[in-house]
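Residues per chain, in single letters:
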Amino acid sequence: MMRGAFSRLARPAVVPVEEKTGQQNDKEMGVIDNHPHSSDGDTDLDTIDADAQAGVQKMEATTKVWSKSHLILAYVFIWIIYFVDSMQSGMGTLLTPYVTSAFALHSLTATTSVMSGIFGGVSKLTLAKILDIWGRPQGFLVVVLLMTLGLVMMAACNNVETYAAAQVFYWVGYNGLSYSLTVFVADTSHLKNRALMLAFITSPYIITVWITSPITQSILSGIGWRWGFGIFSIITPIMCLPLFFLFTWNYAKARKAGLIVSTPSNRTTWESVKYYFWQFDVICLILISGGFALFLLPFNIYSYQSDGWKAPLIICLIIFGGLLLIASAFWEKYYAPVKFMPWELLMDRTVLGACILSGILFVEYYIWTSYFTSFLQVVLNLNITQTGYISNIYSLGSCFFSFVCGILIRWSGRFKWTTLYFGVPVTILSIGLLIHFRQPGTHIGWIIMCEILYSFSGGACVIGEQMAVMAAAGHQHVAVVLAIEGMFSSVGGAIGSTVAAAIWTGLFPEALMKYLPADALPNLTLIYGDLATQLSYPVGSVTRDAIVAAYGDALKWMFVAATAITVLGIPSVIVWRDIKVKDFKQVKGTVI
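Computed from a prediction, not measured in an experiment: that's the story for all the values here.

**Overview of the overall build of the protein chain**
- A tally of regular secondary structure across the protein chain gives 25 helices and 2 strands.
- Here the protein chain holds 592 residues, and 59% of them are scored as buried.
- When contacts within the protein chain are restricted to residue pairs at least 6 apart in sequence, those whose partners lie at least 24 apart make up 84%.
- Element-wise, carbon and sulfur atoms account for 70% of the exposed surface of the protein chain, whose accessible area totals about 22,500 Å².

Given below as structure tokens:
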């Protein structure tokens with residue numbers, strides 16, 4: 001963790017890193033470092049932190065030896081990776097309703113996001129351990145392989161169950177990739193410049209907004225959605241490997257310079273298995289992931305049970321899911337030899353408040369966007385290209401405004417005010433307006449206005465929450481707090497998708513039964529489960545108008561729920577400490 005000025009000067013200029021593969025001290029101390037730090041000057045008197053974990057020490061050693069040109073090249077590679085992945089993720093969002101509809105299960109559009117969201121969030125805790133114990137390049141390579149595997153599975157799936165499993169692999173890899181690159185930015189940028197660098201690496205969304213939709217339209221009209229995923233299963237590893245090799249090259253350079261010294265572990269295979277079992281806190285991972293999965297799934301599948309909420313399966317899933325979550329908390333608090341989540345870090349008001357805000361924002365986002373693209377096509381009669389443009393306003397606006405926030409944070413040296421006075425209030429306003437404007441018959445201009453407001457506020461909130469968790473901890477804990485923040489966001493997304501699915505499955509079929517003409521009632525199940533069937537009825541026909549009215553009933557309550565939950569974001573930001581980031585010297589070596 002960070003040290004005071006006197007302790008830094010008391011050490012030699014460079015401390016070789018002992019690359020331990022044995023029983024190394026790998027505690028998650030969770031100590032919040034709130035003492036003043038030297039400003040980010042050009043003179044770097046910091047030494048490699050001997051108390052940090054091996055992965056952190058290796059990264060600090062790497063930044064000591066690499067050149068400014070390699071640092072710039074790394075950021076160029078990251079920008080390219082984000083460019084490719086933003087195209088792929090945008091295309092995947094547009095294709096998902098067609099994939100689920102291909103198996104006559106359009107209502108499972110939100111459900112397919114639940115498990116992937118849960119594992120995508122929880123897996124960041126494991127990835128944080130990989131990054132901190134084994135190293136940044138190793139963790140980066142793991143998530144690239146998982147993401148590629150998910151894309152291959154999506155391209156080859158023959159049923160919605162396989163597609164859902166592929167989504168788990170893909171989103172674990174995608175979220176892990178984004179997370180590992182964020183950790184890299186934290187490793188290689190001064191805190192006062194970090195918001196700007198985070199804005200830079202996500203700036204490809206400003207470009208891909210305009211090309212994702214035409215590409216998706218062309219794929220659907222030509223080679224089909226399978227090859228849409230197949231193409232990116234080839235492109236993704238090709239675009240990611242150069243950054244891995246750059247990491248590895250400079251890591252080897254640090255070893256050659258004597259900054260990293262390898263020592264044998266002298267452990268047997270079984271001893272290594274036990275060692276890493278406790279280091280990665282596998283028991284906590286199983287309890288948390290299993291608990292969230294069992295607790296959230298009933299909200300998605302209750303409508304498929306003959307007894308609904310009274311079904312024994314639904315009751316058992318909720319009870320056992322809750323018990324597993326409680327057990328994970330007790331295990332982590334009292335019994336875990338190596339804690340996965342440092343309690344001192346998590347209980348810090350700035351870190352906890354930022355994590356809660358992250359979870360809230362993802363809950364509300366996934367509540368009202370799960371069936372957003374379907375709404376645009378069915379209710380507003382937009383084609384897939386127009387739908388993509390509207391649904392990507394958030395990506396465009398938030399990435400643009402994150403630059404504005406980065407400049408304001410660098411100028412003022414503070415980040416809390418951008419989130420408290422603009423980010424959260426405007427988010428509440430924009431979603432609240434959509435309760436009225438997102439009804440059938442509304443002019444598209446009002447929806448675009450609300451989307452623009454929402455995107456600007458989102459840029460302020462995301463930058464603010466990430467700056468909060470990073471500013472509240474020392475360098476050796478950055479990966480952990482970012483993982484915890486990521487877990488809150490991904491699980492929040494899963495909860496949001498669960499709520500959306502519950503509202504949809506509870507209200508939409510009933511509304512269809514209420515509004516559909518008698519001659520269309522025999523097709524109710526098909527209309528409910530297939531987007532293509534919904535679109536097949538001509539605009540202005542009695543059946544299409546009935547479907548549009550049913551969308552209005554369901555979406556109204558999605559926006560009410562999203563607005564209500566977002567209000568909780570205000571107290572979660574109020575509790576943050578007003579940290580002045582200009583006063584911090586958090587990273588070492590050649591950084592931006």
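**Side note on the side chain of Thr350**
- Take Thr350: it is sitting in helix α15 (residues 349-369).
- In this structure the side chain of Thr350 is engaged in a polar contact, spanning 3.0 Å, whose partner is the backbone nitrogen of Arg577.
- The residues touching Thr350, leaving out its near neighbours within four places in the chain, are Ala468, Ala472, Trp576, Arg577 and Ile579.

**Things to note about the pattern of salt bridges**
- For the coordinates displayed, the defined rule picks out 3 salt bridges.
- A salt bridge links Arg136 to Asp187, with the nearest nitrogen and oxygen atoms 2.9 Å apart. Here Arg136, found in helix α5 (residues 136-156), pairs with Asp187, found in helix α6 (residues 160-187); they are 51 residues apart in sequence, far enough to count as distant.
- Taking the relative accessible area as the measure of exposure, Arg136 reaches 5% and is therefore buried.
- Its relative accessible area of 2% is what places Asp187 among the buried residues.
- One salt bridge in this structure joins Asp578 and Arg414, with 3.6 Å as the shortest N-O distance. Remark: Arg414 occurs in the loop between α18 (393-412) and α19 (416-437) and Asp578 occurs in the segment after α25 (569-574); sequence separation between them is 164 residues.
- Judged by its relative accessible area of 44%, Asp578 is partly exposed.

**Focus: the confidence of the model for the protein chain**
- Taken over all residues, the pLDDT of the protein chain has a mean of 80, while the share at 70 or more is 84%.
- Confidence scores differ between elements of the protein chain, with helix α1 (residues 5-9) showing the lowest mean pLDDT of 31 and α25 the highest of 95.
- Across residues 1-45, where pLDDT falls below 50, the model places 119 contacts with residues more than four positions away in sequence or in other chains.

**Looking at a nonpolar patch on the surface**
- A surface patch of nonpolar side chains, about 890 Å² in accessible area, is lined by Ile315, Ile319, Phe320, Leu323, Ile326, Phe330, Tyr334 and Tyr335.
- Along the chain, Phe320 turns up in helix α13 (residues 312-335).
- On the basis of relative accessibility, which here comes to 48%, the residue Phe320 falls in the partly exposed class.

**A few points about the packing of helix α21 (residues 478-515) against helix α24 (residues 542-566)**
- Running from N to C, α21 and α24 point in directions that differ by 150 degrees, and their axes come no closer than 8 Å. When the axes of α21 and α24 are compared, the pair comes out roughly antiparallel. Pair α21 / α24 crosses with right-handed handedness. Between α21 and α24, the residues in contact are Ala500, Ile503, Trp504, Leu507, Phe508, Ala511, Leu512 and Tyr515 and Ala546, Ile547, Ala549, Ala550, Tyr551, Asp553, Ala554, Trp557, Met558 and Ala561, respectively.
- A class-by-class count of the residues in the contact of α21 with α24 yields 17 nonpolar, no polar and 1 charged.

**Here we look at the packing of α6 against α21**
- Look at α6 against α21: their axes get within 10 Å of each other, and the N-to-C directions meet at 145 degrees. Seen along the crossing, α6 lies across α21 with a hand that is right-handed. Where α6 abuts α21, its residues Asn175, Tyr179, Thr182, Val183 and Ala186 lie against Val478, Ala479, Val480, Leu482, Ala483 and Ser490.
- Partitioning the contact of α6 with α21 into residue classes produces 8 nonpolar, 3 polar and no charged.

**Let's talk about the nonpolar core**
- Membership of the largest hydrophobic core comes to 102 residues, with the highest contact counts inside it found for Phe140, Leu177, Tyr179, Phe229, Leu243, Phe415 and Met467.
- When neighbours within four sequence positions are excluded, Phe140 is seen to be in contact with Ile81, Leu131, Leu177, Ser180, Leu181, Cys240, Leu243 and Phe244.

**Side note on the packing of aromatic side chains**
- Applying the stated criterion across every chain yields a total of 35 aromatic pairs.
- Site record: aromatic cluster; members linked through ring pairs are Phe362, Tyr365, Tyr366, Trp368, Phe372, Tyr394, Tyr454 and Phe559.
- Across from the ring centre of Tyr275, 4.2 Å away, lies the NZ or CZ of Arg267, which sits over that ring.

**As for the state of the cysteines**
- A full pass over the atoms with the stated rule returns 0 disulfides.
- Cys405 forms no disulfide, and the closest cysteine sulfur to it belongs to Cys461, at a distance of 8.7 Å.
- Judged by its relative accessible area of 1%, Cys405 is buried.

**Remarks on α19**
- Its 22 residues place the ends of α19 31 Å apart at the C-alpha level, agreeing with the 32 Å of an ideal helix rising 1.5 Å per residue.
- Along its length, α19 reaches its greatest deviation from straightness, about 25 degrees, at Gly423, and the proline Pro425 lies no more than four positions downstream.

**Brief notes about unusual backbone geometry**
- Even without a glycine there, the phi angle at Asn381 is positive, about 60 degrees.
- On the secondary structure map, Asn381 appears in the loop between α16 (372-378) and α17 (384-391).
- For Asn381, a relative accessible area of 46% corresponds to the partly exposed category.

**A short note on α18**
- Taking 1.5 Å of rise per residue, 20 residues should cover 28 Å, and α18 covers 28 Å from first to last C-alpha, within 8% of that figure.
- Buried residues of α18: Ile393, Tyr394, Ser395, Gly397, Ser398, Cys399, Phe401, Ser402, Cys405, Gly406 and Ile409, and no others.
- Looking at the buried residues of α18, the elements they touch are α7 (191-201), α8 (204-221), α15, α17, α19 and α20 (444-471).
- Count one or two residues on from α18 and you reach Gly413, which has phi positive near 80 degrees.

**A few points about the environment of Ala479**
- Structurally, Ala479 can be placed in helix α21.
- For Ala479, a relative accessible area of 1% puts it in the buried group.
- Separated by 293 residues in the primary sequence, Ala479 and Ala186 have C-alpha atoms spaced 8.6 Å apart.
- If we skip the residues at most four places from it in the chain, Ala479 touches Ala128, Asp132, Tyr179 and Val183.

**Things to note about the environment of Gly92**
- The topology assignment puts Gly92 in helix α3 (residues 68-102).
- Using a relative accessible area of 10% as the deciding quantity, one classes Gly92 as buried.
- Linking Gly92 and Phe229, residues 137 residues apart in sequence, is a C-alpha distance of 7.7 Å.
- Residue contacts for Gly92: discarding those within four places in its chain leaves Tyr163 and Phe229.

**A short note on the environment of Ala165**
- On the secondary structure map, Ala165 appears in helix α6.
- As for Ala165 and Met153, which are separated by 12 residues in sequence, their C-alpha atoms are 8.2 Å apart.

Reading guide: rules and limits
- Residues numbered from 1 in each chain as written.
- Predicted model: local features only at pLDDT ≥ 70, side-chain atom pairs only at ≥ 80, totals over all residues.
- Heavy atoms only, no water.
- Helix = DSSP H or I, 4+ residues; strand = E, 2+ residues; numbered from the N terminus.
- Buried < 20%, exposed > 50% of the residue type's maximum accessible area, 1.4 Å probe, protein only.
- Contact = heavy atoms within 4.5 Å.
- Areas by Shrake-Rupley, 256 points an atom, 1.4 Å probe, with all protein chains shown as cover.
- Polar contact = N/O pair within 3.5 Å; in protein donor to acceptor, adjacent residues only side chain to side chain.
- Salt bridge = Lys/Arg side-chain N within 4 Å of Asp/Glu carboxyl O.
- pLDDT = per-residue confidence, 0-100.
- Patch = residues over 30% accessible without salt bridge, like charges linked within 9 Å, V, L, I, M, F, W, Y side chains within 5 Å.
- Axes fitted to C-alpha atoms, helices over the stretch in contact; angles between N-to-C directions.
- Parallel < 35°, antiparallel > 145°, perpendicular 65-115°, else oblique.
- Left-handed = near helix turned anticlockwise from the far one by under 90°.
- Nonpolar A, V, L, I, M, F, W, Y, C, P; charged D, E, K, R; others polar.
- Core = buried A, V, L, I, M, F, W, Y, C linked by side-chain atoms within 4.5 Å.
- Phe/Tyr/Trp six-rings, centres within 6.5 Å; stacked < 30°, edge-to-face > 60°.
- Lys NZ or Arg CZ within 6 Å of the ring centre and 35° of its normal.
- Disulfide = S-S within 2.5 Å.
- Expected span 1.5 Å × (residues − 1).
- Bend = angle between axes of the 7 residues up to and from the residue.

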